[in-house]
Structure formats: structure tokens, C-alpha cells
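Breakdown of the fold
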Amino acid sequence: MRRFLIKLSYLVLPLWVFTVVLVAYYHYAVAPYATSELGRTGQLPLPIEYPDTVLDREYFTHVYDVKVLADTMVDVITIGDSFTTQNIRCFENFLAASGMSLANLMVMPNNPFQAAYNLLRQGIVDSTNVKTIVVETVERNVVKRLTTLNDASIEINTTDLDAIEANDEMGEATTTQSSLIDAKNYVLRRLGYKEVVGHLQLSRPFFSGEEPRGLYFYIKDVRTPSEIASDDATLMRKNAEKLNAAAAAAGVRIVYLVAPDKYDIYQNYIIDNPYKPKRVNEQLRAMFPSREQWVIGKEIVLPLVDAGEMDLYPRGDTHWGPRCSQLVAKELERSVRAGW
């Protein structure tokens, strides 16, 4: 028995030592520096590197309860995904700072098109309490969200920011678990399993920090279709018309904002790109030519990238930075005021 235990220790002891070293390495050398969104998501030593914003506080209101919304009188209501929850850096804050009263509605289900449709059809918002609704969606989800618009009566749940983040598409990847599980996932991701963050090299520097040519992006940017299928395009047009009709019946103007995927913005500068080029934004513009109703963020951001501007998207984040938020807000302001 003693001999067996000795032999067993030869196998178990190295494995135990390896596990202890791995957990310690991850805990002390990786986790403290994985402070950015993509760093936490992909378990990468990517620190927060947000450029300074010109605004010092939030100029708009978060609304978590649709019952409260019914009694809220504002110029603009925004409904969107995580691009609308960036606090003082978000486009709503710049839009509100221009002199508009604005409320950002936090609702579930996490489909901004469906949420706006439900609000309008159920009479929760109309011309008596709002002038314009801005519906925002990230590029990678625009097809799925607009093609699944449902006429059935779907309850609009009251919620809070924590609930929205927990149900966000990246929520599972950012959940903190035990040190051992975190270390195991770290190894699997470095080996190419459970991959959630892509990493490619660019032909010129676009980011501040230690790796100015390193493009880190959410992997679903390249795992959703690179083009809109013809059947989906037909359904998207049909559903957009239904949503527009619901807004018109309520006496409310509706504007759509598409936030481009980070990969899409920098794809033309990727060295040895293994992925197909994305054309979703270009197809959206062909489908919806009205620049007053459809604000395509790529049309605002890409010229700045081509001019060599740095940190339009922070290196460790999948969302655009304050510079983009400010420029998008200016375009939205022109679009919103054009309908008043």
C-alpha cells in the first residue's frame, strides 16, 4: 500500500504543483490587468484605456420602469443595447448635453426594435410624452433583431442595469467564478477553445498603449453573417415599415442608429485577414437610404479611421470611445431636430 501511494504521489504531486502555479500566475499576472471589457471577457491582460471625455456628468435620465416612462415627458427616448449604457461616455449624454431632454429606457427583452414596437402598440409612449424615439442596435445583431419583430403582445419587463448586463450576449463570459475555474478557462482560451475575443494585427497603429497595431474584438463580430441574405432583407424592410407605421400612429418620430462592429471598422487594415469582409452596413444603407431616419455609425467613424485617427475604439473595448459618441450624437441631433 505504501509503495502504491508513493507511485501515486509521483503522478499527483506534479499535477498539483502545476495547478497551484497556474492559479497563482493567473491570479497575480493576468487578472489584475484584465480590467477592460475585452480583457475581462477574454481573460487577457488588457487594461482600461479610455480617452478622457469632455463631459463631467450625465445629462440624461435612466428609466428602469415602463410605468414611470408613461409619466415621463422628454424630447427623446433612447432604447438600445450596451452602447447605450456607457454612462458619461455614451452618445445619449452628448445628445442630451446639446439641450435636449432625454431618457434612456432599460427594458427586456433585449431587442430594442421589439421593445420600441411594444411601447408604441401598447400606448405607453406617444406624442403626449415624447417627440422622438432613437432605437440603437449593434451591427452584429441588427439582422436577427429586425427579422424577429413579433406582433404578439410581449410583456415589457421592468428591470435594472445589473439585469440587463447579466442577460447581455457577453454576460456569461464576464462572470467571475472560482480561481481554479478561471485558470482552467484561461488555459482553454489560450489553446483556442471557448474563444470569445479575436486578436489580429493591423498594418498601421490605431491604439495607444503597449500594442498599437493589435486589434482585439468580440469574436461574434466574425461569426455572424458578413452579408444580409435577400430573404432577411425583405423581412427587415417589412418589419421596419411596421415599426414606422406604429410610430406614425402614435405621433412619434422614430430614428435608427446602427453601431458598427469593431472588426468591421478596422477590417481594411488587417494583415492576412482570415475572415470574409463585412458588408452589412453598406447593405443597410442601400435598403434604407434615408439618412435622417437611419444613422449608420460606420459612415461617421470609418473616414476618421482612414485619416489615421487613434483610439476611436479603445484597444480593450468592443464599444466605440467618447470621440465617436460625440460625433454620432451630432449626427443624431441633426436627424432628430429635422423632424421637429
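Every value quoted in this text rests on a predicted model; they were computed, and no experiment measured them.

Looking at the secondary structure, you find Ile 79 in strand S2 (residues 74–79). Along the chain, Ile 79 and Val 135 lie 56 residues apart, while their C-alpha atoms are 5.0 Å from each other.

The next point concerns the pattern of salt bridges. For the coordinates displayed, the defined rule picks out 17 salt bridges. Salt-bridge contacts for Glu 282 lead to Lys 298; the nearest nitrogen and oxygen are separated by 2.7 Å. Here Lys 298 lies in helix H13 (residues 297–306) and Glu 282 lies in helix H12 (residues 280–287), a separation of 16 residues in the sequence. Judged by its relative accessible area of 6%, Lys 298 falls in the buried class. Across the pair Glu 299 and Arg 291 runs a salt bridge whose closest N-O atoms are separated by 2.8 Å. Among the charged side chains, a network of salt bridges with common partners joins Glu 139, Arg 140, Asp 221, Asp 261 and Lys 278.

Let us now look at the side chain of Arg 285. Relative to the helices and strands, Arg 285 resides in helix H12. A polar atom in the side chain of Arg 285 sits 2.9 Å from the backbone oxygen of Trp 294. Beyond its immediate stretch of four places on either side in the chain, Arg 285 contacts Ser 290, Arg 291, Trp 294, Ile 296 and Glu 299.

The subject of this paragraph is helix H10 (residues 230–249). Across its 20 residues, H10 extends 29 Å between first and last C-alpha, which sits within 8% of the 28 Å expected from 1.5 Å per residue. Within the sequence span of H10, burial applies to Ala 233, Met 236, Asn 239, Ala 240, Leu 243, Ala 246 and Ala 247. Projection of H10 onto a plane perpendicular to its axis shows the buried side chains occupying an angular sector of 145 degrees, all on one side. Opposite the buried face of H10, at more than 90 degrees from it, the exposed residues are Ser 230, Asp 231, Thr 234, Lys 238, Glu 241, Ala 248 and Ala 249. One or two residues past the end of H10 sits Gly 251, with phi positive at roughly 75 degrees.

So, about the nonpolar core. If you look at the biggest cluster of nonpolar residues, it comprises 44 residues, and the most contacted ones within it are Tyr 266, Val 305, Trp 320 and Leu 332. Within the residue set of this core, elements represented by two or more residues are helix H4 (91–97), strand S4 (130–138), strand S6 (214–218), strand S7 (253–259), helix H11 (262–266), H13 and helix H14 (322–338). Of the residues forming this core, the biggest block, six residues, is contributed by H14. Once residues lying within four places of it in the same chain are set aside, the contact partners of Val 305 are Phe 206, Ile 265, Tyr 266, Tyr 269 and Leu 312. Ranked by size, the runner-up nonpolar core spans 41 residues in total, among them Val 66, Leu 120, Val 130 and Met 236.

Here we take up H14. Relative to the 24 Å expected for 17 residues at 1.5 Å per residue, H14 spans 24 Å between its end C-alpha atoms, a close match to the ideal helical length. Those residues of H14 that are buried lie in contact with S2, H4, S4, S7, strand S8 (294–296) and H13.

In the structure shown here, the tally under the stated rule is eleven aromatic pairs. Between Phe 217 and Tyr 263, the ring centres sit 5.5 Å apart and the planes meet at 50 degrees, which makes this aromatic pair tilted. With a gap of 46 residues between them, Phe 217 in strand S6 and Tyr 263 in helix H11 connect regions that are remote in the sequence. Judged by its relative accessible area of 0%, Phe 217 is buried.

For a regular strand, side chains alternate in direction, first toward one face of the sheet and then toward the other. In terms of burial, S2 is a largely internal element, six of the six residues being buried. Where S2 lies against S4, five bridges are found, and the strand directions are parallel. Following the sheet pairing, Val 74 is matched in S4 by Val 130. Pairing of S2 with strand S3 (residues 102–105), which is carried by four bridges, proceeds in the parallel orientation. Looking across to S3, one finds that Val 76 is bridged to Leu 102. Of the crossover connections in this fold, the one passing from S2 over H4 to the parallel S3 is right-handed.

Rules used throughout
Residues numbered from 1 in each chain as written. Predicted model: local features only at pLDDT ≥ 70, side-chain atom pairs only at ≥ 80, totals over all residues. Heavy atoms only, no water. Helix = DSSP H or I, 4+ residues; strand = E, 2+ residues; numbered from the N terminus. Salt bridge = Lys/Arg side-chain N within 4 Å of Asp/Glu carboxyl O. Buried < 20%, exposed > 50% of the residue type's maximum accessible area, 1.4 Å probe, protein only. Polar contact = N/O pair within 3.5 Å; in protein donor to acceptor, adjacent residues only side chain to side chain. Contact = heavy atoms within 4.5 Å. Expected span 1.5 Å × (residues − 1). Arc of directions from axis to C-beta. Core = buried A, V, L, I, M, F, W, Y, C linked by side-chain atoms within 4.5 Å. Phe/Tyr/Trp six-rings, centres within 6.5 Å; stacked < 30°, edge-to-face > 60°. Pairing = 2+ DSSP bridges. Right-handed = clockwise from strand over helix to strand, strands pointing away.

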